[in-house]
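If you want the building blocks of each chain, they are given just below.
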Amino acid sequence: MSTGVKTQQTAACHDISLLKSNYKYEDAPDEAKFSQCVHCGICLEACPTYQQTGLEPHSPRGRVYLIKSVAEGKLDLNEYFANPVETCLDCRACETACPSGVQVGALIEEARGQLYKAEPPSGVSGLVHNLFLHKLFPYPKRLHAVQKLLKIYQKSGLRFAARKTKLLRVLPTHLREMEQALPDIRTSPVLHRLPQSLPPIGPKRAKVAVLTGCVMDVVYSDINEATVHVLRQNGCEVWIPQQQSCCGALHVHAGDRDMAKTLARRNIDVFLSEDIDAIIINAAGCGSTLKEYEELLKHDEAYHGKAQLFSEKVTDVSRFLDRLGLIPPKGRLDLTVTYHDACHLAHAQKIRVEPRKMLESIPGLRTVPLPDADRCCGSAGIYNLTHPEMAGQLLERKLDDIPAGCDAVVMGNPGCMMQFQVGVVRHNRPEKILHTIQLLDWAYKEINPMEQGG
């Protein structure tokens, strides 16, 4: 048979496959991705949901099989398909384990995009989705207004009254616990508090831009400030673009790909308007989404090339400092800590060594290993809100693994920090929950807020 005939037959088979597919919208799960899965099962023990349930549809290969079945017209976009896809943590641990390199995370996100188009959220879920993902997160000024309200709630006595009168009992348990774990809001967002451009401390080595994020700048703006200070200490001119927006990570995870693309284009235009060496991220979930803008916009002729350039510049702060050549801090921190690998650092971005090297550079700091450090804590974006039971089970396993005698559990993602804090408060545990960059910042400043009760 001639090569031309073979090509025609292959094309014909592909056309038939497309006709059979029950995916009817743009960005359908890519056959080139799911066809790589050989169903070997090596991923099973890496998957947190499979570990908890033992159910094949809730394993990576099970989910890939379901995604393939819809593409082949053997399965509809029904509840049997939706439940396993929606209960996936998208933690990417299966990708680390997979010998065939199956991009399960991308397949899950594409499948959720199809479900979202087929049946957009409605009722209470639709209202919540529209309020937070459409009306709030894409607009930094609105988020900053929410932060002001949180500060008033915490400092005016309203929080004390709500807890004392047991008013919060009307909330579901997991939301009540999150309120109790919310850190004190002490500083306003960095985005509109710090100057847009800050000079390096010492000789200039690089010019970088910082994405301040949504949750990070509202709840943990002190971590953003620490990030800026550490970068400046390492000879970086820091640019904080005022027109930046939400990265779209929560939208991608929820299947709202249209809004995610809108946010991606906005950030690409803003960050590529200046000549910079890198775009610095201190939140694992944001970082992995920003690095995948190229994939998100692969069908956009006007932005695909720009997305590729943008994604190449995105780097986690720990990796950037390691490659730049970290200037060792002089301040001593006599603390014992353990490090948790955020899923979207360890599995999605393959960043494991660099944060540990940062910790090792701090004089006096003792690090002890956390068993199964890269197993998901259950945060997974807003998974702890949408699937509180599974998220709670995963959190309890993480808490049980914390070595005795640790002063703090350290990590590189705000979602993980909030999740761990829920567990610490729930069980009245002594450990502090910290971001890696905070410790480095303290060491440069030669202070230890933990000794001062901070």
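Bear in mind the structure is a predicted one, so any value in this text is a computation, not a measurement.

Cut-offs used in this document
- Residues numbered from 1 in each chain as written.
- Predicted model: local features only at pLDDT ≥ 70, side-chain atom pairs only at ≥ 80, totals over all residues.
- Heavy atoms only, no water.
- Pairing = 2+ DSSP bridges.
- Helix = DSSP H or I, 4+ residues; strand = E, 2+ residues; numbered from the N terminus.
- Axes fitted to C-alpha atoms, helices over the stretch in contact; angles between N-to-C directions.
- Parallel < 35°, antiparallel > 145°, perpendicular 65-115°, else oblique.
- Contact = heavy atoms within 4.5 Å.
- Disulfide = S-S within 2.5 Å.
- pLDDT = per-residue confidence, 0-100.
- Core = buried A, V, L, I, M, F, W, Y, C linked by side-chain atoms within 4.5 Å.
- Buried < 20%, exposed > 50% of the residue type's maximum accessible area, 1.4 Å probe, protein only.
- Left-handed = near helix turned anticlockwise from the far one by under 90°.
- Nonpolar A, V, L, I, M, F, W, Y, C, P; charged D, E, K, R; others polar.
- Salt bridge = Lys/Arg side-chain N within 4 Å of Asp/Glu carboxyl O.
- Polar contact = N/O pair within 3.5 Å; in protein donor to acceptor, adjacent residues only side chain to side chain.
- Expected span 1.5 Å × (residues − 1).
- Right-handed = clockwise from strand over helix to strand, strands pointing away.

(A) Here's a closer look at the sheet that holds strand β4 (residues 278-281). The five strands are arranged β1-β3-β2-β4-β5 in an open sheet whose pairing can be described as mixed. Strands at the two margins of the open sheet, each flanked by one partner only, are β1 (197-198) and β5 (314-316). Inspection of the sheet shows β4 paired to β5 by three bridges, in the parallel sense. Within the sheet, the bridge partner assigned to I279 lies in β5 and is V314.

(B) Quick peek at the packing of helix α13 (residues 221-233) against helix α19 (residues 317-324). Viewed as axis vectors pointing N to C, α13 and α19 meet at an angle of 10°, and their least axial separation amounts to 11 Å. Comparing the axis directions of α13 and α19 gives the class roughly parallel. Across the interface between the two elements, T227, V230 and L231 of α13 pack against V317, F320 and L321 of α19.

(C) Region of interest: the state of the cysteines. As enumerated under the stated definition, the model contains zero disulfides in all. C94 carries a free sulfur, and the closest cysteine sulfur to it, the one in C91, is 6.2 Å from it. There is no disulfide at C343, and the cysteine sulfur nearest it, in C376, is 3.8 Å away.

(D) Local environment of the confidence of the model for the chain. With 93% of its residues at a pLDDT of 70 or more, the chain has an overall mean of 89. Contacts for the low-pLDDT stretch residues 1-18, under 50 throughout, to residues beyond four places or in other chains number five contacts.

(E) Looking closely at the nonpolar core. In terms of nonpolar packing, the biggest core is built from 96 residues, with V208, L231, Y293, F320, I437 and L439 touching the most fellow members. Per-element tally for this core: the top contributor is helix α15 (residues 257-271), with seven residues. With residues up to four places along the chain from it excluded, the contact list for I437 reads I223, A226, T227, V230, V317, L321 and M358. With 25 residues, the next largest nonpolar core counts C37, Y50, V64 and A111 among its residues.

(F) Seen up close, the packing of helix α5 (residues 79-87) against helix α7 (residues 104-118). Taken N-terminus to C-terminus, the directions of α5 and α7 make an angle of 130°; their axes are 10 Å apart at the nearest point. Compared by their axis directions, α5 and α7 come out oblique. Here α5 runs over α7; the crossing is left-handed. Contacts from F81, A82, V85 and E86 of α5 reach α7 at I108, A111, R112 and L115. Each residue belonging to the contact of α5 with α7 can be placed in one class, and the counts come to six nonpolar, no polar and two charged.

(G) The pattern of salt bridges, seen in detail. Per the counting criterion, the structure on display carries 31 salt bridges. Across the salt bridge formed by D334 and R332, the nearest N and O atoms sit 2.8 Å from each other. Accessibility expressed as a relative area gives 37% for D334, which makes it partly exposed. Members of the salt-bridge network, linked through shared partners, are D30, K33, E110, E295 and K298.

(H) Region of the structure containing the side chain of N234. One can find N234 in the loop between α13 and β3 (236-239). Residue classification places N234 among the buried residues on the basis of a relative accessible area of 0%. Of the polar contacts made by the side chain of N234, one reaches the backbone nitrogen of I327; its length is 2.8 Å. Those residues within four positions of N234 in sequence are excluded, and the remaining contacts are R205, L321, L324, G325, L326, I327 and Y444.

(I) Region of interest: α15. In this model, α15 (15 residues) spans 21 Å end to end at C-alpha, consistent with the 21 Å of a helix rising 1.5 Å per residue. Inspection of α15 places R257, M259, A260, K261, L263, A264, N267, I268, V270 and F271 among the buried residues, and these make up the whole buried set.

(J) Molecular detail of the pairing of strand β8 (residues 408-411). Neither face of β8 is left uncovered, since the one carrying A408 and V410 and the one carrying V409 and M411 both have all their residues buried. Two elements, strand β6 (residues 336-339) and β8, share three bridges in a ladder whose sense is parallel. Across the sheet, the residue bridging to T338 is V409, located in β8. Here four bridges tie β8 to strand β9 (residues 432-435), and the two strands are oriented parallel to one another. Within the sheet, the bridge partner assigned to A408 lies in β9 and is K432. Handedness of the β-α-β unit built from β8, helix α24 (residues 414-426) and β9 comes out right-handed.

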